[in-house]
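Structural characterization, general
The residues making up each chain are set out below.
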Amino acid sequence: MHFYRVSFRDFERGSLNSNARSGSRRCGRFFFRNRIRAMPKLTANQLRFVDEYLIDLNATRAAEAAGYSKRTARQQGARLLTNVDIASAIQTAKQQRAERVEIEADAVLQEVYAIAMADTNGIVSFRRECCRYCWGVNHAYQFRSEGERSMARAAFQKRLAEARKAKVPRDMLPQFDDGGLGFRAKRDPHPECPQCDGDGHGRVFISDTRKLSPALRSLYGGVKHTKEGIEVKVHAKDRALELLMRHLGLLKEEVRVTVVDELAARLAAARQRRANGSQGGS
Ligand SMILES: [Zn+2]
């Protein structure tokens, strides 16, 4: 039984690039199918040996699993490993495995990067929004709609009638506070507003978490109802940032310690050499 080499490496890489995580699972299947064809001149038993050996790098166990007798499995395993074609097949598979791990690591690193760089405001933000008097005409009460204004006017008429009945002096009668229509809560406060002094109202806003960007999705850790209200969880940015800095070599303390230790050892060795040398010379 003979097998022929086909070009499958590029194919595997291609499938991985599109999506590192699901790609590696997908490639597992293709990898197996293509590897059988790709192995140069290996028998079915030898192929099985390679597959088994790659599981735990135990040649004796792999030889046994590949159908060689238990008694000679140890010698057979050692012999099979020295076969050039088998050794090359193992080498290739190991290299591919290393590449896959690297791509997985890249995907993890990208996730960490997303967490470190994402703006938490995209999930939960504290906003200052305008009050009813910020944008009303002459900073009078601004209504959202005509319906809202009619209801307020009706309530006002009732208050006015009661005041007249109670013989409230004319200049003390209530006035209808009408700053016009068009109130929108999301507008910024008016800096000169006499009611709120430009501070508006503070409001906590939680984004629709179904519509978060991929970066914010990485940051988002779920939501919980508590006695105090809704609790939004986000992954620790400082931890992600620290991991990222370590990976990029931006956290130097540990490195410096190693270098200093190494340097000290080398200097000591050099001093020792010089001492030995000067002794030898005298
Ligand atoms: Zn205001």
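In this text, all values refer to a predicted model and were calculated from it rather than measured experimentally.

**As for the confidence of the model for the protein chain**
Looking at the protein chain, pLDDT values average 81 and 79% of them are 70 or higher. Counting interchain partners and residues more than four positions distant, the pLDDT-below-50 stretch residues 1–37 has 60 contacts.

**Here's the deal with the pattern of salt bridges**
A side chain of one charge can pair with a side chain of the opposite charge when the charged atoms of the two come close. According to the stated counting rule, one finds 12 salt bridges in the structure shown. Between Glu148 and Arg132 there is a salt bridge; the shortest N-O distance is 2.9 Å. Placement of Glu148 in helix H7 (residues 146–165) and of Arg132 in the loop between strand S1 (124–129) and H7 is noted, with a sequence separation of 16 residues between them. A relative accessible area of 25% places Glu148 in the partly exposed class. Residue classification places Arg132 among the buried positions, given a relative accessible area of 18%. Where Glu242 meets Arg239, a salt bridge forms, and the shortest distance between an N and an O atom there is 3.9 Å.

**What to know about the packing of aromatic side chains**
Using the criterion set out here, one finds 5 aromatic pairs in the structure. Taking the centre distance of 5.4 Å and the plane angle of 45° together, the rings of Phe156 and Phe176 count as tilted. Of this pair, Phe156 sits in helix H7 while Phe176 sits in the loop between H7 and strand S2 (201–206), and the two are 20 residues apart along the sequence. Over the face of the ring belonging to Phe205 we find Arg127, whose NZ or CZ atom lies 3.8 Å from the ring centre.

**Here's the deal with the nonpolar core**
One finds Leu42, Phe49, Val50, Ala63, Leu80, Ile86 and Ile90 to be the most contacted residues of the largest nonpolar core, which totals 17 residues. Counting residues per element, this core draws most heavily on helix H3 (residues 44–56), which supplies 5 residues. Filtering out sequence-adjacent residues up to four positions away, Leu80 remains in contact with Gln46, Phe49, Ala63, Tyr68 and Ile86. Listed in part, the 11 residues of the second largest apolar core include Val112, Ile123, Leu216 and Ala240.

**Let's talk about a nonpolar patch on the surface**
A cluster of nonpolar side chains, namely Phe126, Val204, Ile206, Val223 and Ile230, defines an oily patch on the protein surface of about 470 Å² accessible area. Examined against the element boundaries, Val223 turns out to sit in strand S3 (residues 220–226).

**Topic: the coordination of the zinc ion**
Protein-derived coordination of the zinc ion comes from Cys131 (SG), Cys134 (SG), Cys193 (SG) and Cys196 (SG), at a distance range of 2.2 to 2.3 Å. Here the zinc ion is ringed by 4 donor atoms whose angles at the metal span 104 to 119°, and the overall shape comes out tetrahedral. Coordination of the zinc ion draws on donor residues from a single chain, spaced C-x2-C-x58-C-x2-C in sequence. Within this pair, whereas Cys134 is found in the loop between S1 and H7, its partner Cys196 is found in the loop between H7 and S2, the two being separated by 62 residues in sequence. Like Cys196, Cys134 is buried.

Calculation rules
Position numbers for residues start from 1 in each chain and track the written sequence from start to end. Where local features are concerned, this predicted model is filtered to residues with pLDDT of at least 70; where side-chain atom pairs are given and counted, the filter is 80 or more; whole-chain, interface and lining totals use all residues. Processing note: side-chain calculations cover all non-hydrogen atoms of the structure and skip hydrogens and water entirely. A score from 0 to 100, pLDDT tells how confident the predictor is in each residue. The contact criterion used is simple: two residues touch if any of their non-hydrogen atoms lie within 4.5 Å. By salt bridge we mean one thing: a side-chain nitrogen of Lys or Arg within 4 Å of a carboxyl oxygen of Asp or Glu. We count a stretch as a helix when DSSP gives it H or I for four or more residues in a row; a strand needs E for two or more, and each element gets its number in order from the N terminus. Using a 1.4 Å probe on the protein chains alone, a residue whose accessible area is under 20% of its type maximum counts as buried, one over 50% counts as exposed, and one in between counts as partly exposed. When two rings of Phe, Tyr or Trp (its six-membered ring) have centres within 6.5 Å they constitute a pair, described as stacked for plane angles under 30 degrees, edge-to-face for angles over 60, and tilted for the intermediate range. Cation placement over rings: the criterion is NZ of Lys or CZ of Arg within 6 Å of the ring centroid and within 35° of the ring normal. What we call a nonpolar core is a set of buried Ala, Val, Leu, Ile, Met, Phe, Trp, Tyr and Cys residues that are connected through their side-chain atoms within 4.5 Å. What makes a patch is a set of residues exposed beyond 30% relative accessible area and free of salt bridges, joined within 9 Å when like-charged and within 5 Å when nonpolar (Val, Leu, Ile, Met, Phe, Trp, Tyr). Only the protein chains shown count as cover for residues, and all accessible areas are computed by the Shrake-Rupley method using a 1.4 Å probe. Coordinating donors are taken as N, O and S atoms within 2.8 Å of the metal, stretched to 3.2 Å for Na, K and Ca; because water is absent from the atoms, sites can appear incomplete. Under the classification used here, a metal with four donors is tetrahedral if each angle lies between 85 and 135 degrees, square planar if opposite donors are over 155 degrees apart and the others between 65 and 115, a six-donor metal meeting that same test is octahedral, and anything else is irregular.

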